[in-house]
Amino acid sequence: MSCTKNFLICVIFLNTVLHTSSGAPSTPANTLNNTEFIIEKERALLVPDANRLFENAPVAPRLTTPPQQPLLSTPLPTIAPTWALLNRKTKILRAQQDVVTRLFSNCVQGGYGNFYTPYLEGHFGSKQNPKYAYGLHFRHLSFGKDQYGEESNNTLQAHGKVLREQWSLGGSVQYDRDGYALYHLPTALAQHQVVHQCAALGTLAQRFQGPFNYQLQVAFHYLRDRQQVQEGQLGLKGVGDYALNDNFTWRVASALHWSRYAHSQAVHRHWYRLKPTLDFSWNALAVQGGVRLVYQHGAIGKVSAFNAYPVLEVGYELQPWLRPYAGVGGDMEHNTWQSLMQENPLLAPGVTLQHTHQRVTLYGGVKGDVLAQVAFHAGLVWGEYHDLPCFVNHTTKPGYFEVHYAPEATMLNAFTELTHTNSAEIWTTRLRGDYFYYKLKKLQAPWHRPQYQLAWFSTYRLYDKIVFKGSLCWMGGLSAWDAQQGKAHKLDDVVDLGVGIDYWWNTQFSLFLNCQNLLARANERYWHYPARGRHFLIGLSYAW
């Protein structure tokens, strides 16, 4: 079964490996760095699946966004897309893919595996130009137990950017068609789910950093499935900062969002978020303080229309290897049909959408660079929530999932992360462990949420010709609700071990072999949806 995103999903782990292999500093790019990460991403308590050589599960809960060419170069942290597309459940890991994209503008790769698994992907881009860039990306990957195409992922994307002396403008459009096999449903119902997605994104940003910096973004997303459930979203985002002096910086982030969700009837919702903060830095001390204001319309539940949350984070660098931090915050997690489908694409038609009110979140930890090649990060996060979503099998159609909300929930996450890259960047490793504690009211258990998980990924490069890869995903403490028996059903631990090898014939041509679920475990991440067994994929790539 697919291992999915956990508490730390702000950066895809594959990109971390590629980043370190290209000579990046050893400090982990995917560790907790600020309040924004903790508050906005805390709800996704699932193991990252981008550390997979490729994935072999029949469903794809909370999948990683397909890698996209960067649209802009801007001094500000790039605004993440307002909505990630339903992510691919199968990853083809190429440990030196960044080398190919730097040297060449076009690349095609493909392969074939057991379980009727054809794979084809292509990236086509313009030649390097200081004023503009454009490209096209396509992808097809499908699985089948008895025949081709029982499950499939298809992507078509075009992107481009224009660079001027003072600003840059970028955009992309993308279409995705995904198919999922359904099980344990009455024979009268369709045994296959098809999801269509269309997305468009545009970003305007200042090119070079100065006393004042800005970035603006507009995004559109449309999602529809075979059950004629559909949702459209439109969002505007903006961030800016102004340096008052060497010690103080004023920052403002805002977002405006509209959505329309329709099944038996249409539901219109919109919200607005404003976050002004003041940053102070002096020697080894860094402080950020401010407020997060959220207004929502069309929400369900006891949460008021207007909410205010504190924003406070303090960090101090005692030594390069010892950088403690602590903070307090809160937010409103706006659950949409699309965001829930990212976690579990097997939702029953007409699920109830309620926002998750993060009343308060306290967090703290320590991170540092132990050596030039080793970095670590450990910490705790505690939060109180209203309407925490959990997935429960449908009472009469157990192949579908409903969303049940815990009206009050307390959650604690303890985590430790370690990354290593040797001086020659031949050997890279990332190891992360998490433990979760839940205290819920009305819900008997946090259905389908893990209590502990471990993720490991490592690459070893030999003579610049061969790359060995290994990954392990371990998730446990999962439970589901058995409505027919009226009791909880404990799921076995998900343990997914994978290995792979790349052979680079030259800078343009390479071969790869990926093997996943070597232990042939059921890996039932969601009840009634086990993994297929050992999965192998062999292929080649060519760049020009």
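All of these numbers come straight from a predicted model, not from anything done at the bench.

### Side note on the overall build of the protein
Next up, step 1: A tally of regular secondary structure across the protein gives four helices and 26 strands.
Next up, step 2: Counting only residues that meet the buried cut, the protein has 53% of its 544 residues in that class.
Next up, step 3: About 22800 Å² of surface is accessible on the protein, with carbon and sulfur atoms providing 62% of the total.

### Notes on the pairing of strand β20 (residues 452-462)
Next up, step 1: Where strand β19 (residues 427-441) lies against β20, nine bridges are found, and the strand directions are antiparallel. Its bridge partner lying in β20, T429 is registered against S458.
Next up, step 2: With 11 bridges joining them, β20 and strand β21 (residues 466-476) adopt antiparallel strand pairing. For F457, the partnering residue across the bridge sits in β21 and is S471.
Next up, step 3: What sits between β20 and β21 in their antiparallel hairpin is a turn of three residues, with Y463 showing a positive phi close to 55°.

### Considering the packing of aromatic side chains
Next up, step 1: Counting across every chain of the model gives 15 aromatic pairs.
Next up, step 2: Ring geometry for Y542 against W544: centres 5.8 Å apart, planes inclined by 20°, an arrangement best described as stacked.
Next up, step 3: Every member of this aromatic cluster is reached through a ring pair, and the members are Y183, F391, F401, Y526 and Y529.
Next up, step 4: One Lys or Arg, K367, reaches over the ring of Y325 and ends 5.5 Å from the middle of that ring.
Next up, step 5: Here R525 stacks its cationic end above the ring of Y526, 4.6 Å away from the centre of that ring.

### Things to note about the environment of H448
Next up, step 1: The residue H448 is located in the loop between β19 and β20 in this model.
Next up, step 2: Among the residues examined, H448 registers a relative accessible area of 2% and is labelled buried.
Next up, step 3: Separated by 32 residues in the primary sequence, H448 and A480 have C-alpha atoms spaced 5.9 Å apart.
Next up, step 4: Once residues lying within four places of it in the same chain are set aside, the contact partners of H448 are F391, N393, F401, L478, S479, A480, L491, R525, Y526 and W527.
Next up, step 5: At 2.8 Å, the side chain of H448 forms a polar contact with the backbone oxygen of F391.

### Remarks on the nonpolar core
Next up, step 1: Membership of the largest hydrophobic core comes to 22 residues, with the highest contact counts inside it found for W337, L347, V351, F401 and V403.
Next up, step 2: Every element with two or more residues in this core is listed here: α4 (337-343) and β17 (401-406).
Next up, step 3: When neighbours within four sequence positions are excluded, W337 is seen to be in contact with L223, R224, D225, V229, Q230, E231, Y261, L347, V351 and L353.
Next up, step 4: Judged by nonpolar contacts, the second largest core, of 13 residues, contains L388, V392, A406 and L443.

### Comments concerning the environment of A243
Next up, step 1: Secondary-structure assignment places A243 in strand β8 (residues 230-243).
Next up, step 2: C-alpha separation for the pair A243 and N213, spaced 30 residues apart in sequence, amounts to 9.1 Å.
Next up, step 3: With near-sequence residues (within four places) excluded, A243 lies in contact with P211, F248 and T249.

### Some points on a nonpolar patch on the surface
Next up, step 1: A contiguous nonpolar surface patch, about 560 Å² in accessible area, is contributed by F212, Y242, L244, W250, V252 and L278.
Next up, step 2: Within the secondary structure, F212 is located in strand β7 (residues 212-225).

### Looking at the side chain of S510
Next up, step 1: Counting through the fold element by element, S510 comes out in strand β25 (residues 509-516).
Next up, step 2: In this structure S510 comes out as buried when scored by relative accessible area, which is 0%.

### With respect to the pattern of salt bridges
Next up, step 1: Overall, the coordinates contain 14 salt bridges when judged by the stated rule.
Next up, step 2: In this structure, R139 engages E121 in a salt bridge whose closest nitrogen and oxygen atoms are separated by 3.3 Å. With a gap of 18 residues between them, R139 in strand β3 (residues 132-143) and E121 in strand β2 (residues 117-125) connect regions that are remote in the sequence. When sorted by exposure, R139 lands in the same class as E121, which is buried.
Next up, step 3: E408 is the salt-bridge partner of K441, the closest N and O atoms lying 3.5 Å from each other. With a gap of 33 residues between them, K441 in strand β19 and E408 in strand β18 (residues 408-421) connect regions that are remote in the sequence.

### A word on unusual backbone geometry
Next up, step 1: The backbone phi angle of H184 is positive, close to 55°, even though this residue is not glycine.
Next up, step 2: Mapped onto the elements, H184 comes out in the loop between β5 (167-181) and β6 (192-206).
Next up, step 3: Although it is not a glycine, Q228 sits at a positive phi angle of roughly 65°.
Next up, step 4: With relative accessibility at 49%, the residue Q228 sits in the partly exposed group.

Conventions we followed
Residues numbered from 1 in each chain as written. Predicted model: local features only at pLDDT ≥ 70, side-chain atom pairs only at ≥ 80, totals over all residues. Heavy atoms only, no water. Helix = DSSP H or I, 4+ residues; strand = E, 2+ residues; numbered from the N terminus. Buried < 20%, exposed > 50% of the residue type's maximum accessible area, 1.4 Å probe, protein only. Areas by Shrake-Rupley, 256 points an atom, 1.4 Å probe, with all protein chains shown as cover. Pairing = 2+ DSSP bridges. Phe/Tyr/Trp six-rings, centres within 6.5 Å; stacked < 30°, edge-to-face > 60°. Lys NZ or Arg CZ within 6 Å of the ring centre and 35° of its normal. Contact = heavy atoms within 4.5 Å. Polar contact = N/O pair within 3.5 Å; in protein donor to acceptor, adjacent residues only side chain to side chain. Core = buried A, V, L, I, M, F, W, Y, C linked by side-chain atoms within 4.5 Å. Patch = residues over 30% accessible without salt bridge, like charges linked within 9 Å, V, L, I, M, F, W, Y side chains within 5 Å. Salt bridge = Lys/Arg side-chain N within 4 Å of Asp/Glu carboxyl O.

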